[in-house]
Every structure is written in structure tokens, then in C-alpha cells.
Amino acid sequence: MRPHKKTFCSFEIMKKILDACCGSRMFWFDKQNEQVLFIDNREHYEKLDSGHVIDVNPNLVADFRKMPFEDNSFYHVVFDPPHLLRAGSNSWLTKKYGKLNEQTWKEDIQKGFRECMRVLKPNGTLVFKWNEDQIKLSEILSIIDYKPLYGNKRAKTHWLVFMKVSEENDSKNRSMDA
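Anyway, here's the lowdown on the structure attached to this text. (Residues numbered from 1 in each chain as written. Predicted model: local features only at pLDDT ≥ 70, side-chain atom pairs only at ≥ 80, totals over all residues. Heavy atoms only, no water.)

1. Re the sheet that holds strand S6 (residues 74-79)
Definition in use: Strands are labelled as partners when DSSP assigns at least two bridges between them. Working definition: helices are DSSP H or I runs of at least four residues, strands are E runs of at least two. Numbering for both runs from the N terminus. We call two residues contacting when some pair of their heavy atoms lies within 4.5 Å. Between N-to-C directions, angles span 0 to 180 degrees; the directions come from axes that are lines fitted to C-alpha atoms, helices contributing only their stretch in contact.
The strand order S5-S2-S1-S6-S7-S9-S8 describes an open sheet built from 7 strands, whose pairing is mixed. Two strands close off the open sheet at either side, each with one partner strand: strand S5 (60-61) and strand S8 (150-151). Pairing between strand S1 (residues 17-19) and S6: 3 bridges, direction parallel. Residue pairing across strands places Ile17 opposite His76, the latter belonging to S6. Sheet strands touched by helix H3 (residues 105-119): S1, S6, strand S7 (120-131) and strand S9 (157-163). Its angle to S7, the strand with the most contacts, is close to 150°.

2. Brief notes about the side chain of Ser24
To keep it simple, the criterion reads: Buried means the residue's accessible area, taken with a 1.4 Å probe over protein chains only, is under 20% of the maximum for its type, while exposed means over 50%, and partly exposed covers the values in between.
Within the secondary structure layout, Ser24 lies in the loop between S1 and strand S2 (36-40). Judged by its relative accessible area of 18%, Ser24 is buried. Beyond its immediate chain neighbours, meaning those up to four positions away, Ser24 contacts Lys31, Asp55, Val56 and Lys96.

3. Description of the pattern of salt bridges
For the record, the criterion: Note on definitions: salt bridges are taken to be side-chain nitrogens of Lys or Arg within 4 Å of carboxyl oxygens of Asp or Glu.
Enumeration according to the criterion identifies 10 salt bridges in this entry. Here Glu115 ties to Arg118 by a salt bridge, and the two come within 2.8 Å at their closest N and O atoms. Of the two residues, Glu115 and Arg118 both sit in helix H3, 3 residues apart, roughly one turn of that helix. Residue classification places Arg118 among the partly exposed positions, given a relative accessible area of 22%. Here Asp133 and Lys156 are joined by a salt bridge, their closest N and O atoms 2.9 Å apart. In this pair, Asp133 is assigned in the loop between S7 and helix H4 (137-143) and Lys156 in the loop between S8 and S9, connecting sequence segments 23 residues apart. A relative accessible area of 43% places Asp133 in the partly exposed class. By relative accessible area, Lys156 is classed as partly exposed at 47%. Shared partners join several salt bridges into a network, and the residues in it are Asp63, Arg65 and Asp108.

It is worth stressing that arrangement in space is one thing and function is another; only the former is reported here.
Listed below in C-alpha cells is the structure:
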């Protein structure tokens, strides 16, 4: 059992990268990367009968829909929210990956994207990971206000890259459209 921690310290903000839904940090090559602030809305540790371990241990417990950071804080944000609607509340899938609320999931994803873009520095990049086992990527893209730059289109799990346009570039683009 881990000792309880998770107090917010201003030095954490000095990190360049934010993982807004870190879960068990499965895709990170370096799960202790000093440049990354790992947040999740929960902590969970459990050793399963199979021998597998579920270890959700963020640096900070925080909700991706309302993050406790100032605007323009990070150069790079990773957004890998839960993608399951239908899974038992005590299933290993829910324990490992989290679960979306069936009534509010669209609003939750919208809020998450807005928050990730808010805390991202101008010209910073957002990497979004989505598994479309239960909700298609096209449905996600239809409810958010952002367009990806590029990403993979053929797999069941998608990685998309977005960029926060700087206010300077945004106003130039608007004047060119006029």
C-alpha cells in the first residue's frame, strides 16, 4: 500500500508536459519522466489474481474537465480519457482505464478538450488517444471544436495530433479569411 500524498506544489507547474488522464501510464517508455506532470481523477492499486497489477498513481489527483492550472502552462499535453461506456463498475477494465458516464460523456469530452487547449501554450501540441471499441472516433470529432493536424486513421486505437494556434496566428488567419 502506498502512503497517501498528492498535494499541489507550484514546482509541478514548471514541468513542460501534462498527461491529463495518466491512468497507469501504460504507453510511456519512462513512467517516471521528470518533464511530465501525471494527473488522473483517481488513485487505485490492486494486484489481480492473474498476477497483473493495476497501479493508477498520479502526481496529482485532478479532474481533466476542470484542471487547477493557469492558462498557457504546458508545451505539450497528452489526452487519453476513458473510452468505455459499458463496463462493470468493478471490472478490471474500469479499474484500469476508467469509465465514462453514459449521460454526460459528450459534455465531459468537450470540457476535457477545452481544458487541455486552455492549459496548452500557444503553438503547443496536444496528442489525443482514443479507442473506438464503444464510441467511434468520427463521433468524437463531431462534438469537439478542434480539427486534428494528423493521425492514424486505420487502427481501432487512434492517435491524433492537434496544435493550439497562437492568438497572433489566429488573428492573421481571420484577417486572411475576410
